[in-house]
Amino acid sequence: MVWYALGSILLPLVGSLVVLFLSEQQVKKAGQLFSFLAFLCGLALLVSFALTGESFSRELVAINGVTCYGITVDALSVLTNFLVVLIGWLICTYSAGYMSPDNREHPICEGINRFYSLMLLFIGSMAGVVFSTTLLGLLFFFEITGICSWSLIGFYGDEKSRKSALWAIALTHSAALGLYVATAYLYVKTGSFSVTALGKLTEAEKTIAFIGILIACWGKSAQLPFHPWLPRAMVAPTPVSAYLHAASMVKVGVYIYARTVLAAGKVPAVIGQVGAIMAVITMIYGFIMYFPQQDMKRLLAYSTITQLSYIFLAISIFILGSQMAFKGGVAHIFNHAFGKSLFFLVAGALSYTTGTRKLLMFRGILKKMPVIGLGYIAASMAITGVPPFNGFFSKIMIIISGFEISRHNLLILILTIITVIESVGSFIWFLKWMGTNVFGTPSETVATAGKPPLAIKFVLAFLIIMTLISRYIALALLS
């Protein structure tokens, strides 16, 4: 299984170099090939783990007897890696159609090699984060994902793109200082970079380390007060936005929080309380910011901020004593990835065919473009948590765990009630836009839309299916 994990990391990294030297006609096929090979490694690892249930760690790089990087294989890493490489392959496939001169919003005539090189590097570095046994390894790949996101957000090269990319790198890198401090502090106290060494710290020492970790995680996952970079990042090509929100960058934060909490044993309750309070404050802010949004991608950006708050809340409740909360949080990392990537790629398909992302200009999508319309419906239901779509099953686990803990914790009861209110409000708001955009007689913008390429339709259909079945994969591994 170690080789499958290494394949998930190394194949995209090798591909990112290879595609730089290919012709434009070859680069799209090569990008899809390397990402598909990484997906096959992730799939093989998922199947092997499901059959054996064997969790283990392997040291790979050590200097002077100190482990700098190793591989951890367990339910959390296997599940997260699978979504990283699967969605990575789907994004590379979708981009073969989207990154084209026929794109009505942003005709693409150059830069394809650079795009695929950065996307493959993004996939490989995300897999590197997921499997790392050490804080040093997490930090190393954490920074590579930051470089990839900066480059891809600024892909178009205009002033707005460059400024948005600068916001992203400045805020996430500033927050990353928390992880630098936590890593150095852990080494000074234990002589080790291993994530499991967190368990050797005293309660006071754990509090210091986890404050640094939380700050870094809030930055990557666009939680208050580090959130402004994410809505601005919507100037990136839509496949980039989809990967940022679904399987990379913003998922780095919640993953590192989950990984370190799981490895540290008993985490001080104050970390759980602070994590839960900040999660719900961010959730409320993200929800309020739905209302002024007219650009589809910006609306989805604030939706991501709120959905990641659910995961931070779940992991924080786990610290306070609920095992179900951790399973719900990890399942939500997995389930949200498919619903949110589908929604962004629907937005990309609409901008490709119509030249706009303005919500008020869409009506009758289902009648004119059935696959895109069905994708809009499935994505809306998945991210707002409507059964039988995947988001419902992980979200309900988080809410139930909140009420479970609230029998002994008034703070968590209040936060859980607010979470339920936000969930209902999000459903109503997205239902409103779905009714406006998807049904009825096509508006002029939709009626005159072009046809999406086969690659785009294939990926949308695949993700629609995943919004219905991903919960079975997640719950099977987490049970």
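About the criteria used
Residues numbered from 1 in each chain as written. Predicted model: local features only at pLDDT ≥ 70, side-chain atom pairs only at ≥ 80, totals over all residues. Heavy atoms only, no water. Helix = DSSP H or I, 4+ residues; strand = E, 2+ residues; numbered from the N terminus. Rg over C-alpha atoms; globule rule 2.2 N^0.38 Å. Buried < 20%, exposed > 50% of the residue type's maximum accessible area, 1.4 Å probe, protein only. Areas by Shrake-Rupley, 256 points an atom, 1.4 Å probe, with all protein chains shown as cover. Lys, Arg positive; Asp, Glu negative; His and termini not counted. Charge placed at Lys NZ, Arg CZ, Asp CG, Glu CD. Salt bridge = Lys/Arg side-chain N within 4 Å of Asp/Glu carboxyl O. Axes fitted to C-alpha atoms, helices over the stretch in contact; angles between N-to-C directions. Parallel < 35°, antiparallel > 145°, perpendicular 65-115°, else oblique. Contact = heavy atoms within 4.5 Å. Nonpolar A, V, L, I, M, F, W, Y, C, P; charged D, E, K, R; others polar. Patch = residues over 30% accessible without salt bridge, like charges linked within 9 Å, V, L, I, M, F, W, Y side chains within 5 Å. Expected span 1.5 Å × (residues − 1). Arc of directions from axis to C-beta. Phe/Tyr/Trp six-rings, centres within 6.5 Å; stacked < 30°, edge-to-face > 60°. Lys NZ or Arg CZ within 6 Å of the ring centre and 35° of its normal. Core = buried A, V, L, I, M, F, W, Y, C linked by side-chain atoms within 4.5 Å. Polar contact = N/O pair within 3.5 Å; in protein donor to acceptor, adjacent residues only side chain to side chain. Disulfide = S-S within 2.5 Å.

## Quick notes on the overall build of the protein chain
A count of helical and extended segments in the protein chain gives 19 helices and two strands. Its C-alpha atoms give the protein chain a radius of gyration of 21 Å, near enough to 23 Å, the size a compact globule of 479 residues would have. Considering only C-alpha atoms, the protein chain reaches an extent of 65 × 55 × 45 Å along its principal axes. Within the protein chain, buried positions represent 65% of all 479 residues. Just so you have it, the protein chain exposes about 16,700 Å², and 69% of that area is on carbon and sulfur atoms. Placing the 31 positive and 16 negative side-chain charges of the protein chain at their respective mean positions leaves the two points 6 Å apart.

## A closer look at the pattern of salt bridges
The full count for this structure, using the stated rule, is five salt bridges. Through salt bridges with shared partners, one network takes in Glu-105, Asp-295 and Arg-357.

## As for the packing of helix α9 (residues 238-246) against helix α12 (residues 296-319)
Following both chains from N to C, one finds α9 and α12 inclined at 10°, their axes separated by 11 Å at the closest point. In terms of axis orientation, α9 runs roughly parallel to α12. Residue-level contacts link Thr-238, Ser-241 and His-245 of α9 to Lys-297, Leu-300, Ala-301 and Thr-304 of α12. Partitioning the contact of α9 with α12 into residue classes produces two nonpolar, four polar and one charged.

## Here we look at the side chain of Ser-35
Mapping Ser-35 onto the fold places it in helix α2 (residues 24-52). Leave out the neighbours within four places in its chain, and Ser-35 touches Val-85, Gly-88, Trp-89, Cys-92, Leu-120 and Ile-123.

## Comments concerning a positive patch on the surface
A surface patch of like charges, here positive, comprises Arg-104, Lys-368, Lys-451 and Lys-457. By the element assignment, Lys-457 lies in helix α19 (residues 454-478).

## Points about helix α11 (residues 269-288)
With 20 residues, α11 extends 29 Å from end C-alpha to end C-alpha; this agrees with the ideal 28 Å at 1.5 Å per step. Turning to α11, its buried residues number three or more, namely Ile-271, Gly-272, Gly-275, Ala-276, Ala-279, Val-280, Thr-282, Met-283, Gly-286 and Phe-287. Across the axial projection of α11, the buried residues extend over an arc of 165°, all falling on one side. Buried positions along α11 lie against α7 (203-220), α10 (250-263), α12 and α17 (410-438).

## Let's talk about the environment of Trp-89
Within the secondary structure, Trp-89 is located in helix α3 (residues 75-98). The sequence separation of Trp-89 and Phe-39 amounts to 50 residues, and the corresponding C-alpha distance is 6.6 Å. In this structure Trp-89 touches Gln-32, Ser-35, Phe-36, Phe-39, Phe-458 and Phe-462, once residues within four positions along its chain are discounted.

## Let's talk about the packing of aromatic side chains
Applying the stated criterion across every chain, the model contains 29 aromatic pairs. Relative to Tyr-98, the ring of Tyr-94 has its centre 5.8 Å away and its plane inclined at 25°; by these criteria the two rings are stacked. Placement of the pair is Tyr-94 and Tyr-98 together in helix α3, with a separation of four residues, close to one helical turn. Side by side, Tyr-94 and Tyr-98 carry an identical accessibility label, which is buried. Taken together, a centroid distance of 6.3 Å and an interplanar angle of 40° make the contact between Tyr-98 and Tyr-352 tilted. Of this pair, Tyr-98 sits in helix α3 while Tyr-352 sits in helix α13 (residues 323-354); the two residues are 254 residues apart in sequence, bridging distant segments of the chain. Of the two residues, Tyr-98 and Tyr-352, neither departs from the other in class, the shared state being buried. An aromatic cluster of at least three residues, connected via ring pairs, comprises Phe-36, Phe-39, Phe-82, Trp-89, Phe-334, Phe-338, Phe-458 and Phe-462. The ring centre of Phe-142 lies 4.4 Å from the NZ or CZ of Lys-220, which sits over that ring.

## Let's talk about the packing of α3 against α9
One way to put it is that α3 packs onto α9 with a least axis distance of 9 Å and a crossing angle of 170°. Classed by the angle they form, the pair α3 and α9 counts as roughly antiparallel. Together, Leu-83, Val-84, Ile-87, Gly-88, Ile-91, Tyr-94, Ser-95 and Tyr-98 of α3 and Thr-238, Pro-239, Ala-242, Tyr-243 and Ala-246 of α9 make up the contact between the two elements. Its residues assigned to classes, the contact of α3 with α9 shows 10 nonpolar, three polar and no charged.

## Considering the environment of Leu-299
If you trace the backbone, Leu-299 turns up in helix α12. Note on Leu-299: relative accessible area 3%, which makes it buried. C-alpha separation for the pair Leu-299 and Thr-134, spaced 165 residues apart in sequence, amounts to 36 Å. Excluding its chain neighbours within four sequence positions, the residues that come into contact with Leu-299 are Tyr-290, Gln-293, Leu-359, Trp-429, Phe-430 and Trp-433.

## Describing the nonpolar core
One finds Leu-198, Trp-229, Tyr-243, Ile-256, Tyr-257, Met-296 and Tyr-376 to be the most contacted residues of the largest nonpolar core, which totals 177 residues. No other element matches α13, which puts 17 residues into this core. Contact partners of Leu-198, with chain neighbours within four places excluded, come to Leu-186, Lys-206, Ala-209, Phe-210, Ile-213, Thr-260 and Ala-264.

## Regarding helix α6 (residues 159-190)
Across its 32 residues, α6 extends 46 Å between first and last C-alpha, which sits within 8% of the 46 Å expected from 1.5 Å per residue. N-capping of α6 is provided by Asp-158, with a side-chain oxygen placed 3.1 Å from the backbone N of Lys-160. The first or second residue beyond α6 is Gly-191, which carries a positive phi of 75°.

## Digging into the state of the cysteines
Enumeration over the complete set of coordinates arrives at zero disulfides. Cys-41 takes part in no disulfide bond, and the closest cysteine sulfur, belonging to Cys-92, lies 15 Å away. The thiol of Cys-92 is unpaired, and the distance to the nearest cysteine sulfur, on Cys-148, comes to 12 Å.

## What to know about unusual backbone geometry
Note that the residue after Leu-224, namely Pro-225, is joined by a cis bond; omega there is 5°. Position of Pro-225 relative to the elements: it lies in the loop between α7 and α8 (229-232). At the junction of Pro-387 and Pro-388, the peptide bond is cis and its omega measures out at 10° in the coordinates. Mapped onto the elements, Pro-388 comes out in the loop between α15 (370-384) and α16 (390-406). A positive phi angle is found at Asn-64, which is not glycine, with a value near 55°. By relative accessible area, which is 79% here, Asn-64 ends up exposed. Its identity is not glycine, yet Ala-222 carries a phi of approximately 55°, on the positive side. With respect to the helices and strands, Ala-222 occurs in the loop between α7 and α8.

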